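Fold and geometry: a report
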Amino acid sequence: MKPTKPHVILIAGFLGAGKTTAMLALSRWLTDQGIRAGFITNDQGHDLVDTRLLQGCGLATEEITGGCFCCRFDELVDATRRLGAALQPDVLVAEAVGSCTDLAATVTYPMRRLLGNECTIAPLSVLVDPVCAQRAFGLQTGEMFSKNVQYIYRKQLEEADVIVISKCDLLSAKEIEALSAVLQHEFPHAEVVAASSRDEAGVDPWFRRIVFGDQHQRPVMDVDYDRYADGEARLGWLNGSVTVAAPSPADGNVLLRCLASDLQRRLYERGAMIAHLKMTLHSGDRLAAVNLVRNDVVPELGIELPELIAAASLVVNLRAQAAPDVLEEAVRESLAAMTGVPGSWSLELIHAEAFRPARPDPTHRDGTRI
Ligand SMILES: Nc1nc2c(ncn2[C@@H]2O[C@H](COP(=O)(O)OP(=O)(O)O)[C@@H](O)[C@H]2O)c(=O)[nH]1
Ligand SMILES: [Mg+2]
């Protein structure tokens, strides 16, 4: 396939569902197929771990910060055009903010309506973390987010063209079958697939569907923007950047692992429910990355630095159900505690923003009125 205009693929799903990791798997798949791609990340704040991860893999990446695609629609159009002009890509893959919904009515349908002669639009994929989804649909017990956060979670699935049970390597075949059956029953118009970006099982049919297929317009779903806004506002956001130094080369991987565990403990003590904590530690052109997608798991160092380091920059992106000042206090305390980790590290927080996402105010909304 060599389309004449870029095919825009929007990847959505709740915080920590596996969107960025899937984009990396998709980038490898596209390269194998000889398909050229550009990438767009998005967040309510600045200092994005996801941008660093994608750029760290050598991918042409634009980021839209300070608001989600629906509220920054014109910036999304500009980024699409910039990548289009610079790269002549066959596809553009964009990752939506994990707390956003109503993306068909506010992003993909308006894009097709307004930019139909410049790009084509893929079916909307919505990813779910399998354990969170098992909990959300009563297949497993465990801590759950508050009602209006769950409202967003369900709305995300309601508008999906493709529901992707991601990280399917974490479940048995039987568990996947049970979860697929529930999702297919609850959301009958969606195609439900299971995929693992980690071992690339099941990705091929999904990628083929979104790379070669077009989105078909359906009536837009009803969304209660008061509930949506309340749900988003229950999630505190903290983005920070930190300079890291040690008097002599030391193990940055140990530092990152200790920092994630320390922060996890402090957040737990404060009753903050983690949706996604992700951090990168950059030194030269190498990086380490750590992730935590729930309170009750061990932080995962998915990428490690190959050598000892004496200087680095750390980016912290934390989303949790808690007040922003609670998150900031925990982060500051954890950074200060790292002087106790082997390496005599000094960590200086040079920029931090802690906030609750503002009420969504889409530039466009196709279909029924808000
Ligand atoms: N086991 C497993 N973990 C995964 C897979 N995909 C993503 N993850 C992990 O899930 C966490 C969140 O992933 P990320 O892609 O950042 O989620 P996002 O917030 O939706 O972009 C990270 O620790 C990833 O390594 C997968 O296929 N299998
Ligand atoms: Mg991401």
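For clarity, every value in this text was computed on a predicted model and none was experimentally measured. Note that residues are indexed from 1 along each chain, following the sequence as it is written. Lettering of chains starts at A and numbering of ligands starts at 1, both following the order in which they are written. Confidence filtering applies because this is a predicted model: local features only for residues at pLDDT of at least 70, side-chain atom pairs given and counted only at 80 or more, and all residues used for totals across whole chains, interfaces and linings. Note that water and hydrogens are dropped before the side-chain values are worked out from all heavy atoms of the structure.

**Things to note about the domain arrangement of the chain**
Assigned domains of the chain: these are domain 1 (7–230) and domain 2 (236–355). Contact residues are listed per partner, giving 27 residues for domain 1 and 28 residues for domain 2. Accessible surface is computed with a 1.4 Å probe, and the buried area is the amount of it that two parts give up when combined, taken over both parts together. Approximately 2,100 Å² of surface area, both sides summed, lies buried where domain 1 meets domain 2, with 56% of it carried by carbon and sulfur atoms. For salt bridges, the criterion is a side-chain nitrogen of Lys or Arg within 4 Å of an Asp or Glu carboxyl oxygen. Inspection of the domain 1/domain 2 interface yields five salt bridges. The shortest N-O distance in the salt bridge between Asp 50 and Lys 278 comes to 3.1 Å. Note that domain bounds follow an automatic or database assignment of domains. Between two residues, a contact is recorded if the distance between any of their heavy atoms is within 4.5 Å.

**Points about helix H8 (residues 203–212)**
The cut-offs for exposure are 20% and 50% of the maximum accessible area for each residue type, with area from a 1.4 Å probe on protein chains only; residues under the lower value are buried, those over the upper are exposed, and the others partly exposed. Strands are runs of DSSP state E lasting at least two residues, helices are runs of H or I lasting at least four, and both sets are numbered from the N terminus onward. Within H8, burial applies to Val 203, Trp 206, Phe 207, Ile 210 and Val 211. In an axial view of H8, the angular spread of the buried residues amounts to 120°, which keeps them on one side of the axis. In this fold, the buried residues of H8 make contact with strand S1 (7–13), helix H1 (19–32), strand S4 (91–95), strand S6 (125–128), strand S7 (162–165) and strand S8 (191–194). Arc, as used here, means the arc of the directions from the helix axis to the C-beta atoms.

**A closer look at the coordination of the magnesium ion (ligand 2)**
Taken together, the protein ligands of the magnesium ion (ligand 2) are Thr 20 (OG1), Asp 50 (OD) and Glu 95 (OE), with distances of 2.1 to 2.2 Å. Excluding water, the donors of a metal are its N, O and S neighbours within 2.8 Å, or within 3.2 Å for Na, K and Ca, and that exclusion means sites may look incomplete. Sequence positions of the residues that donate to the magnesium ion (ligand 2) give the spacing T-x29-D-x44-E. With a gap of 30 residues between them, Thr 20 in helix H1 and Asp 50 in helix H2 (residues 49–56) connect regions that are remote in the sequence. Pair check on accessibility: Thr 20 and Asp 50 agree, each one buried.

**What about the sheet that holds strand S12 (residues 300–303)?**
Strands belonging to one sheet form pairs held by backbone hydrogen bonds; the direction of such a pair is parallel or antiparallel. Paired strands, in this sense, are two strands between which DSSP finds at least two bridges. Taken in spatial order, the six strands line up as S12-S11-S10-S13-S9-S14 in an open sheet, and their pairing is antiparallel. Unpaired on one side and paired on the other, S12 and strand S14 (346–355) mark the two borders of the sheet. Between one strand axis and the next, the sheet turns by 15° as a mean value, whatever way the strands run. Where strand S11 (residues 286–292) and S12 come together, three bridges link them in antiparallel fashion. For helices, the axis comes from a line fit to the C-alpha atoms of the stretch in contact; other axes are also lines fit to C-alpha atoms, and the angle between any two N-to-C directions lies between 0 and 180 degrees.

**Here's the deal with the site of ligand 1**
Near, as used in this document, describes a residue that has one of its heavy atoms within 4 Å of the molecule or strand being considered. As a structural note, the neighbourhood of ligand 1 is formed by 18 residues, with Gly 18, Lys 19, Thr 20, Thr 21 and Asp 169 the closest of them. Glu 95 places a side-chain nitrogen or oxygen 3.0 Å from an oxygen atom of ligand 1. In the analysis that follows, any N or O atom pair within 3.5 Å is treated as a polar contact, provided that within protein one partner can donate a hydrogen and the other can accept it, and provided that, for residues neighboring in sequence, both atoms belong to side chains. Interatomic distance of 3.1 Å between a side-chain N/O atom of His 276 and an oxygen atom of ligand 1. Coverage of ligand 1 by the protein chains reaches 93% of its 570 Å² of free accessible surface. Using only the protein atoms, space was sampled on a 1 Å grid; points where a 1.4 Å probe fits but cannot get out form cavities, open sets with protein on both sides within 12 Å along at least five of seven lines form pockets, and lining residues are those with an atom within 4 Å of a point. Assignment to a cavity or pocket requires that more than half of a molecule's atoms be within 2 Å of the site's grid points. The cavity that encloses ligand 1 is the largest pocket. By residue number, the principal contributor to the shell around ligand 1 is H1, which donates three residues. Residue polarity follows a fixed list, in which Ala, Val, Leu, Ile, Met, Phe, Trp, Tyr, Cys and Pro are nonpolar, Asp, Glu, Lys and Arg are charged, and the others, Gly among them, are polar. Partitioned by chemical class, the residues of the shell around ligand 1 number four nonpolar, eight polar and six charged. Where accessible areas are quoted, they stem from the Shrake-Rupley method and a 1.4 Å probe; at the residue level, only the protein chains shown are allowed to cover.

**A closer look at the layout of surface pockets**
Volume-wise, the largest pocket comes out at about 1,000 Å³. Along the wall of the largest pocket there are 44 residues; nearest its centre are Gly 18, Thr 21, Arg 198, Asn 291 and Glu 300. Broken down by secondary-structure element, the contributors of at least two residues to the lining of the largest pocket are H1, H2, strand S10 (273–283), S11, S12 and strand S13 (309–321). Here the lining of the largest pocket gets six residues from one element, more than from any other, and that element is H1. Split into classes, the residues belonging to the lining of the largest pocket amount to 18 nonpolar, 13 polar and 13 charged. Among the domains, domain 1 (7–230) and domain 2 (236–355) are the pair contributing at least three residues each to the lining of the largest pocket. Grid points are joined across faces, edges and corners, and a volume is the space filled by probe spheres set on the points. Counted as a void, the second largest pocket has a volume near 360 Å³. The wall of the second largest pocket is formed by 21 residues, among which Cys 132, Ala 136, Met 144, Phe 145 and Gln 150 lie closest to the centre. Secondary structure elements with two or more residues in the lining of the second largest pocket: helix H5 (130–136), helix H6 (147–158) and S10. The dominant element in the lining of the second largest pocket, judged by the number of residues it contributes, is H6, at five residues. Residues from two domains meet in the lining of the second largest pocket; each of domain 1 (7–230) and domain 2 (236–355) gives at least three.

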